[in-house]
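The chain contents come next:
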Amino acid sequence: MKPGRLSPSVMYSSIAQYVSGKEELAFEYELQYNGDNVEVWKRYIDYHKSSGNHSALSWVYERCCYQFPDSKEMWTEYLQWRLTLLEGVNPVVYAEEFDKCTRLFEKALYLCHREVHLWEMYLQHCLVQKNLSLIRKVLDHSLRCAALESHLRLWSPVIAFIESLLFEKEAEIDYDDELDLIIQQSFPNHQDPGKAEPVLPDIWASRLLGRYMEIAEDQEHVLFLLSLTKDYPTIVKIFGDHIVAQNAFKPTNHSLFYFYKGYLEALEKTGSQRQYLKAMEVCLDNFPEQRSHLVITLSKYYLKNKEFAQARSVLQECLSSTMTSEAFGEIYDFLVKILELYVSNCIQEAQDATDPDKRSALDPVITYNIGLLEYLMEAHSSLMNDLKLRQNINNVATWLERVSLYASSSEKLDVYTEAILKIDPALVSQSGDLGKLWCGLAQLYSDSNEVDSAKETLDRGTRVPFKFMQDLEMIWLKWAEFELEQSGLADAITILETALTIPSSPDLLIERYHSGEGNIPAKAIIFTSPQLWSLYLDLLEASSNIEKVTGAYEQLIVLKLATPLQFLNYVKFLQAQERWEDSFRVYERAVSTFPPETTLDLWSFYLNDSLVSNRQVETIRDLFESSLRLAREGVDCSSFFIQYSEFEQKQGFFKRAVDILARGCSEVADESSNLKLWGLCLERCKTLLGLESSRPLYEKCIRSVPNSKAMSFILEFAKMEEVIPDIARARTVFKFGAQLVHPDANRGLWDSWNDFELKHGDKESYKEMLRTKRQLMDTMKTSTEEISKQKGNIEFVSSKHNGKGAGQGTSSLELPQSTDNPEEISLDI
Amino acid sequence: MNLLDQYLSEEEEEEVKSKAALERGIGIRDSQPRLKPLPDQILDKYHISPNIEKYSGEDMNTIARGWTSFAFVEMRPSHRQRLQIDSLVHTVGLQLRSEIGLEFQPLHISELGSPLPLHVSLGPNFSFQTSQELNAFAQMLQVETWQKMNAPFEVGFEPILQIYDNVDRNALFLALDVSQSVKNSHIRRLWTAVQESLDFSRRSDECAASRCAWTFERSHMSIARAFLKPPSIKAAGGHTSAERTLDAQYRRTIEQLNMLLANRPVDRSVLDSLRFQCSGIKLTKQRSNLWIPFGSDTQ
């Protein structure tokens, strides 16, 4: 009898159980004659499938499989059907059913042992049961039976199972390191009864993963899973072989550091200290960005090995070499934390100790660590400053900040000295800071009455090849001020004269300095320093050395360094010496030196001084004419027009005075100044030349100013005509003004016209006025003026071409439609 | 009167205290610790100002490239020593002014009033064609100095002041000659170290003449300088008869001055106060000074 074949007794008892109907009997008879026909078996199976009798179907399936023992299709179909029956079934409660299925797989694979798919099904069946020994056994068996190229297929479900298993376990582990516990462990005679349970390694998974590693394509994932097993000896071995020994490992989904971290963790648990420290050294070299994390890990390692001093030492060492504030913060916080915990544990231990020797032995430890803790708290700013200097030794602001951290002069001196020796002036990026540092040092000596050292400092400071002029300028200024305080005016002037010594080719040096991109020291252009010149001139003026003062101002002007204010100072200085003509020559040079907008004030002073000094009338006229050219440059010099007009008025030239103002009205572009000038011009004209002379000016004014601003002039014009009296002209002016603005927005004019008509008109003229108003109300439906005046809008005006347009041909003055914008669009509304 | 003394105003009390302190020879601010002087390292780092003239030329590329250096023993006079030198220069200067109308200015203080160190030269200015030559010279000098000098020594001076002129013959220097014993022992060794380092490092020998002209026997420390008014004779010997006459006159003047000074020896106490300890030499290198300490017996 073939193995697996049903025994005759079983067979016959089953027939009695499962063959009861006619159909079943018919199938049985047919099988008696045609048992090797697989189609008959299939029909029989289909029959039982439709009947829903699982036991009978199973009986037939099994018989069929025995009939065709090497038919993998039949076995597969049968086993698949059996597995569907177990879907969702608890493998522990129904272990017997699962065992039956397992036995069937065994039978099937005994007969079809090379069938990979069947092995896969079997493995899946084992994995569902989570029967680890069975899984390993079946996997081993399958790997032995299957061809090598199929091995990955067989491993795949197992690895997926391991993955789910490890992830599940990983989620349960609490990784929070209890630092307090670690600190307690660091005491030599610590015994912790309540020590946390260690995490158990998953040796089953690690062994399988270790084997899988040999053929796996994605080694990174396998190593990752291996790291989750916590089987540290295996991790040390495999990570050591595949990651540390070979530098070729390049993970894609996880960082390389993750694996090294796992390796370190494994070494910590199983390896020797030498191995651990060596691996740590490798990590520190390979992952400088993880330095703080690694050092904290190392510190914890020492703590766990009861080496607190070593743990503290590595942290202190790292604190003084970190390069980022983040790393500094981490290390600092951790160091403070372990010190606090350690000190509190020491105190507790000392209190609990009964042995006085033990207590006295703890005293120096407590004192030292409390001292260190206090130092860390107090020196935080200083340590942060150290860090900033490590990041950029040439950051002068950081050095200045460092100086402020120390209270005593000698400490400050040490910082200044260190800074000056360590800073490379060529690499300083902020202007003025390095000069401030040198001045700070000089001031320190000065405050300590070390006059010679202060001078020596300032002297050396001037020899530094500064990149920026502000630095050198600051030192010379400081020195001059220092000498002024210590020795007096003459020495301070000597200092500034030395600083401002003009080189042989000043223009060339300035050009080269600015095109030299910081390669030429600032000393090359120090003679251009406005601040040094300013102080120099102030001191010279205070010294009353007229010749030197004049020479200095002249030099400043020749070098094109003089500011408008310095020109004015020079003028005032000369005037104080009663050298008026010289001062006017300086004014002439000043106004020809600066651009028009800058010369306005200079002209103002020049004109005032010229008027005060009673220069010749023609000279003053020439000056006014020259100054009025500013108007053409777009500068608002309306005050000069007014001043000129007043000057001519004083000379008795009234017409000329009015003409100058009228000229100003046409030349000054600024609207408010222009309106002011018109007001003044009309006023002066009426006063000086009579009312009728103002008519052409009014007409010109109304034509040139914007509609919105013209109304007051129109009302004045009408009033003037009324006074003359020329009633018809006054009425025409009213009528003209009325057409410029919508009646609703022109109440002032209509009220005045109304009063005018009541006073001078008759019924007809009054009606005409009302008619005009009504007509305008109808025609000027929308007041476009306000809208057009808004910024960015085009200003609308009444059409000049419309014969029926308001005001067209109605004015005997033939005043054209007013517009101040020739680009305005004409629309027929 | 005693009663009045008991009721002094605050200002008067302060004045009395100041006087008392002065009488005891103690400064008012001696109660607070004095600050250290400006460290030598800073003075050395910024020894020479940037040379702006080299940027003033029409074409910076045509500037002759070269490296110069200078070896010397430095003395940084204390406040007291500066006062001694001032007094010496003032006394001798008065005599010389009346004799030849020269105005000697002390060298320990700059024109702007800042203290300056003095020095004893160990040779003329050395020029090198390349920076590598200069570096080699500096390195070799360190080795030579280390080997030849194994302990600090004290520099003392001869009691007779001397007048020296410069190469350009536009200034005269009032100097203290280094004492014979120091010259013949320590300075000689240092001079040899410099010469040997030069021989080692320099490929060309263009300055051999100037090197030969300088010997350790002339070792001195200039303490004051007087500028000569033109005309001065640049070359050592003139070609025209007028130049030769001027040269002879110039030489005679210096000899006369030296004879004059020989009759007025410097007071021994002044010389003692100017003695200083030398524990290394300095070398100018790229606008800084390089400090070369002596070796030590203990090593």
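Residues numbered from 1 in each chain as written. Chains lettered and ligands numbered in written order. Predicted model: local features only at pLDDT ≥ 70, side-chain atom pairs only at ≥ 80, totals over all residues.

For chain B, the name recorded in an unreviewed UniProt entry is LADA_0F02014g1_1, with Lachancea dasiensis as its organism.

In the annotation of an unreviewed UniProt entry, the entry for chain A reads Pre-mRNA-splicing factor SYF1, and the organism field reads Lachancea dasiensis. Word for word, the UniProt comment on chain A under Sequence similarities (unreviewed entry) is "Belongs to the crooked-neck family." Quoted verbatim from the Subcellular location (unreviewed entry) heading of the UniProt record, the comment on chain A is "Nucleus". (UniProt positions renumbered as here; feature names shortened; annotations may be inferred.)

The subject of this paragraph is the overall build of chain B. Helices and strands together make up the secondary structure of chain B, namely nine helices and 12 strands. By residue count, 25% of the 299 residues in chain B fall in the buried class. Pairs at least 24 apart in sequence give 77% of the contacts found in chain B among residues at least 6 apart. (Helix = DSSP H or I, 4+ residues; strand = E, 2+ residues; numbered from the N terminus. Buried ≥ 20, exposed ≤ 12 C-beta atoms within 10 Å, placed from the backbone. Contact = placed C-beta atoms within 7 Å.)

Next up on the list: the overall build of chain A. The helix and strand tally for chain A stands at 42 helices and two strands. What you see for chain A is a C-alpha radius of gyration of 53 Å, clearly larger than the 28 Å of a compact globule of 829 residues, by over 25%. Projected onto its principal axes, the C-alpha positions of chain A cover 155 × 95 × 60 Å. Taken across its 829 residues, chain A has 33% of its residues classed as buried. Pairs at least 24 residues apart make up 56% of the contacts formed inside chain A by residues separated by at least 6 positions. (Rg over C-alpha atoms; globule rule 2.2 N^0.38 Å.)

Residue-level pLDDT values for chain A average 86, and 90% of them are 70 or greater. The model gives residues 791-829 of chain A a pLDDT under 50, and that stretch makes 55 contacts with residues more than four places away or in other chains. (pLDDT = per-residue confidence, 0-100.)

Residues and elements named next belong to chain A. One finds Trp476, Leu496, Tyr536 and Cys681 to be the most contacted residues of the largest nonpolar core, which totals 120 residues. Per-element tally for this core: the top contributor is helix α25 (residues 469-486), with nine residues. With residues up to four places along the chain from it excluded, the contact list for Leu496 reads Trp476, Ala480, Leu532, Leu535, Tyr536 and Leu539. In this structure, Val60, Leu225, Val314 and Leu387 belong to the second largest nonpolar core, which totals 89 residues. (Core = buried A, V, L, I, M, F, W, Y, C linked by C-beta atoms within 7 Å.)

With that settled, the discussion passes to the UniProt feature "domain: Pre-mRNA-splicing factor SYF1 central HAT repeats" (unreviewed entry) in chain A. Look at the UniProt record and you will see "domain: Pre-mRNA-splicing factor SYF1 central HAT repeats" (unreviewed entry) annotated at residues 283-422 of chain A. Between the first and last C-alpha atoms of residues 283-422 of chain A the distance is 32 Å; the span itself is 84% helix and 0% strand.

Look at helix α15 (residues 273-286) of chain A: 20 Å from first C-alpha to last across 14 residues, which is about the 20 Å you get at 1.5 Å a residue. Where α15 of chain A is buried, its residues contact α14 (256-270) and α16 (291-304) of chain A. (Expected span 1.5 Å × (residues − 1).)

To continue, consider the UniProt feature "domain: Pre-mRNA-splicing factor Syf1-like N-terminal HAT-repeats" (unreviewed entry) in chain A. Within this numbering scheme, the UniProt entry marks residues 24-169 of chain A as carrying the feature "domain: Pre-mRNA-splicing factor Syf1-like N-terminal HAT-repeats" (unreviewed entry). Helix and strand shares over residues 24-169 of chain A are 81% and 0% respectively, and the end C-alpha atoms of the span are 53 Å apart.

Let us now look at the environment of Arg589 of chain A. Mapped onto the fold, Arg589 of chain A is located in helix α31 (residues 580-593). Between the C-alpha atoms of Arg589 of chain A and Phe567 of chain A, which are 22 residues apart in sequence, the distance is 8.7 Å.

Our focus in this paragraph is the pairing of strand β9 (residues 220-227) of chain B. All names here are of chain B. Inspection of the sheet shows strand β3 (residues 105-106) paired to β9 by two bridges, in the antiparallel sense. Bridge assignment links Pro106 to a residue of β9, and that residue is Ala224. The pairing of strand β8 (residues 171-178) with β9 spans seven bridges and is antiparallel. Following the sheet pairing, Leu172 is matched in β9 by Ala226. (Pairing = 2+ DSSP bridges.)

Further remarks concern the interface of chain A and chain B. Each partner contributes to the interface: chain A provides 36 residues, whereas chain B provides 24 residues. Mapped onto the side of chain A that touches chain B, the elements with two or more residues apiece are α22 (409-422), α24 (451-461), α26 (489-499) and α27 (506-515) of chain A. At eight residues, α24 of chain A tops the list of elements feeding residues into the side of chain A that touches chain B. Split into classes, the residues belonging to the side of chain A that touches chain B amount to 14 nonpolar, 12 polar and 10 charged. (Nonpolar A, V, L, I, M, F, W, Y, C, P; charged D, E, K, R; others polar.)

It is worth spelling out the environment of Tyr342 of chain A at this point. Residues and elements named next belong to chain A. Checked against the element boundaries, Tyr342 lands in helix α18 (residues 325-352). Of the residues examined, Tyr342 has 23 C-beta atoms within 10 Å and is grouped as buried. Each residue touching Tyr342, except ones within four places of it in the same chain, is listed here: Ile183, Phe308 and Asn369.

Let us look at the packing of helix α20 (residues 380-391) of chain A against helix α21 (residues 396-405) of chain A. Residues and elements named next belong to chain A. Close contact between α20 and α21 brings their axes to 10 Å; oriented N to C, the two are set at 160°. With respect to α21, the element α20 is oriented roughly antiparallel. Both α20 and α21 take part in a crossing whose hand is left-handed. Taking contact as the criterion, the partners of Ser381, Ser382, Asn385, Lys388 and Leu389 in α20 are, on α21, Thr398, Glu401, Arg402 and Leu405. Here the residues of the contact of α20 with α21 are counted per class, giving two nonpolar, four polar and three charged. (Axes fitted to C-alpha atoms, helices over the stretch in contact; angles between N-to-C directions. Parallel < 35°, antiparallel > 145°, perpendicular 65-115°, else oblique. Left-handed = near helix turned anticlockwise from the far one by under 90°.)

Residue and element names in this part refer to chain A. Between helix α28 (residues 530-543) and helix α29 (residues 546-558), the shortest axis-to-axis distance is 9 Å and the interhelical angle comes to 160°. Classified by the angle between their axes, α28 and α29 sit roughly antiparallel to one another. Read as a crossing pair, α28 and α29 show a hand that is left-handed. Of α29, the residues touching α28 (which contributes Trp533, Tyr536, Leu537, Leu540 and Glu541) are Lys548, Val549, Ala552, Tyr553 and Leu556.

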